[in-house]
Amino acid sequence: MLEKIVDRKKEDLKFFQLPRREEVKPHSLKQALAFAANRDGIGLIAEIKRASPSKGVLAEDLDVVERAKAYEAGGADAISVLTDGPYFQGSIMDLIAVKRAVSVPVLRKDFIVDERQIEESARIGADAILLIASILEPDHLKDMAEMAHAVGLETLVEVHTKDELEQLLAVYDPSLIGVNNRNLKTFATDTGQTRALSDSVPSDSFIVSESGIHNAEDVASVAKAGAKAMLIGERLVSDGDPEKTIPDLKKGALLG
Ligand SMILES: O=P(O)(O)OC[C@@H](O)[C@@H](O)c1c[nH]c2ccccc12
């Protein structure tokens, strides 16, 4: 599946055009998450996605601006916006609209494989981008991260397995490491993955646990495993009252 997504991305990049630059104020993802980890025990990146390859349509008629404002009002420390069109029904317009509407940092979630997407991310006002270790060779990932930093973007580097993490750490030491709890072959999620990888993460890196977090027990488990932040999509995108759900989820960090 990941291969299919990346092939389609490369195909679409043949028609790439740079958007005009948004005049927006930058906000640091890392600072926001570190602040929240101290205050609440864990930081939260709340995600906006209409659909996903594993679950199909989650929220087709989603009003992304209204949802982003509700996330912010509920206490989300940052917002992630899926900008992939073919598989997640998102677009850079979603990110532009969200960034204009909130004052928490905004993460661009996409399949970044080409340096032009980095300049694009900076122009649309993203504060940070996701770089996925399973689609970029370690050296390439390092180059892309450095290019991103040079244009003022922060990076969240996502790994799925211990092997991937160790190969990456041999060449590059990211300060924000996302552990994806989703097995990309089966799509199954297991929050235990965060625990399985946390010992291999350098102590000065910040762990963001991603995927499959649905309730306060899941939050407690990833917090105990050493995650300083979590990325939650599905659970929040279809929630009737995210302003109430977000504080309830965060309380999980104080359990057990
Ligand atoms: O909806 P969930 O299970 O809460 O997961 C959110 C997020 O982790 C997931 O959307 C994600 C993690 N890594 C990605 C890479 C690309 C697209 C999406 C993702």
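Note that the coordinates shown come from a computational prediction; the quantities given were computed from them, not determined experimentally.

## Digging into the overall build of the protein chain
Then comes step 1: Helices and strands together make up the secondary structure of the protein chain, namely eleven helices and ten strands.
Then comes step 2: A compact globule built from 256 residues should have a C-alpha radius of gyration of about 18 Å, and the protein chain, at 17 Å, falls within 12% of that.
Then comes step 3: Its C-alpha atoms give the protein chain principal-axis dimensions of about 50 × 40 × 35 Å.
Then comes step 4: Pairs at least 24 residues apart make up 68% of the contacts formed inside the protein chain by residues separated by at least 6 positions.
Then comes step 5: In the structure as shown, the protein chain presents an accessible area of about 11400 Å², 47% of it carried by carbon and sulfur atoms.
Then comes step 6: One finds the centroid of the 32 positive side-chain charges in the protein chain at a distance of 2 Å from the centroid of its 43 negative side-chain charges.

## Notes on the packing of helix 3 (residues 64-74) against helix 11 (residues 242-251)
Packed helices, taken two at a time, are described by the angle between their axes plus the distance between the axes.
Then comes step 1: With their axes 8 Å apart at the nearest point, helix 3 and helix 11 run at an angle of 40 degrees to one another. Looking at the two axes, helix 3 sits oblique to helix 11. Once helix 3 is placed against helix 11, the crossing between them reads as right-handed. Within the contact between the two elements, helix 3 uses Arg67, Ala70, Tyr71, Ala73 and Gly74 and helix 11 uses Pro242, Glu243, Ile246 and Pro247.
Then comes step 2: Residues belonging to the contact of helix 3 with helix 11 are distributed by class as follows: six nonpolar, one polar and two charged.

## A few points about the UniProt feature "domain: Indole-3-glycerol phosphate synthase" (unreviewed entry) in the protein chain
Then comes step 1: The feature "domain: Indole-3-glycerol phosphate synthase" (unreviewed entry), as given by UniProt, occupies residues 5-248 in the numbering adopted here.
Then comes step 2: Helix and strand shares over residues 5-248 are 40% and 18% respectively, and the end C-alpha atoms of the span are 34 Å apart.

## Some points on the side chain of serine 211
Then comes step 1: Structurally, serine 211 is set in the loop between strand 9 (206-210) and helix 9 (216-224).
Then comes step 2: The exposure class of serine 211 is buried, given its relative accessible area of 14%.
Then comes step 3: Apart from residues no more than four positions distant in its own chain, serine 211 is found in contact with Asn180, Asn181, Arg182, Thr189, Thr191 and Leu231.

## Thoughts on the site of the ligand
Then comes step 1: If you check the shell around the ligand, you find 17 residues, and the closest are Glu47, Glu158, Ser211, Gly233 and Glu234.
Then comes step 2: One nitrogen or oxygen atom from the side chain of glutamate 158 is found 2.7 Å from a nitrogen atom belonging to the ligand.
Then comes step 3: Coverage of the ligand by the protein amounts to 96% of the 440 Å² it exposes when considered alone.
Then comes step 4: Contributing elements (two or more residues each) for the shell around the ligand: strand 6 (128-132) and strand 10 (229-232).

## Here's the deal with the environment of glutamate 47
Then comes step 1: Note that glutamate 47 resides in strand 1 (residues 43-48).
Then comes step 2: Looking at glutamate 47, the relative accessible area reads 3%, which means it is buried.
Then comes step 3: Aside from chain neighbours lying at most four places away, what touches glutamate 47 is Tyr71, Ser80, Leu82, Lys109, Leu231, Ile232, Gly233 and Val237.
Then comes step 4: At 2.7 Å, the side chain of glutamate 47 and the side chain of serine 80 are in polar contact.

## Side note on a negative patch on the surface
Then comes step 1: Together, Glu115, Glu137, Asp139 and Asp143 make up a region of like negative charge exposed at the surface.
Then comes step 2: Assignment of secondary structure puts glutamate 137 in the loop between strand 6 and helix 6 (138-150).

## Concerning the pattern of salt bridges
Then comes step 1: Applying the stated criterion to the full structure yields 23 salt bridges.
Then comes step 2: Among the salt bridges present, the one from lysine 14 reaches glutamate 11, with a minimum N-O distance of 3.1 Å.
Then comes step 3: The class of glutamate 11 is partly exposed, set by a relative accessible area of 39%.
Then comes step 4: Through salt bridges with shared partners, a single network forms among Lys9, Asp84, Arg108, Asp110 and Glu120.

## Considerations on the side chain of aspartate 40
Then comes step 1: With respect to the helices, strands and loops of the structure, aspartate 40 is situated in helix 2 (residues 29-40).
Then comes step 2: Assessed through its relative accessible area of 19%, aspartate 40 is described here as buried.
Then comes step 3: A distance of 2.6 Å separates the side chain of aspartate 40 from the side chain of lysine 250, its partner in a polar contact.
Then comes step 4: Beyond its immediate sequence surroundings of up to four residues, aspartate 40 is in contact with Lys250, Ala253 and Leu254.

Criteria and cut-off values
Residues numbered from 1 in each chain as written. Predicted model: local features only at pLDDT ≥ 70, side-chain atom pairs only at ≥ 80, totals over all residues. Heavy atoms only, no water. Helix = DSSP H or I, 4+ residues; strand = E, 2+ residues; numbered from the N terminus. Rg over C-alpha atoms; globule rule 2.2 N^0.38 Å. Contact = heavy atoms within 4.5 Å. Areas by Shrake-Rupley, 256 points an atom, 1.4 Å probe, with all protein chains shown as cover. Lys, Arg positive; Asp, Glu negative; His and termini not counted. Charge placed at Lys NZ, Arg CZ, Asp CG, Glu CD. Axes fitted to C-alpha atoms, helices over the stretch in contact; angles between N-to-C directions. Parallel < 35°, antiparallel > 145°, perpendicular 65-115°, else oblique. Left-handed = near helix turned anticlockwise from the far one by under 90°. Nonpolar A, V, L, I, M, F, W, Y, C, P; charged D, E, K, R; others polar. UniProt positions renumbered as here; feature names shortened; annotations may be inferred. Buried < 20%, exposed > 50% of the residue type's maximum accessible area, 1.4 Å probe, protein only. Near = heavy atom within 4 Å. Polar contact = N/O pair within 3.5 Å; in protein donor to acceptor, adjacent residues only side chain to side chain. Patch = residues over 30% accessible without salt bridge, like charges linked within 9 Å, V, L, I, M, F, W, Y side chains within 5 Å. Salt bridge = Lys/Arg side-chain N within 4 Å of Asp/Glu carboxyl O.

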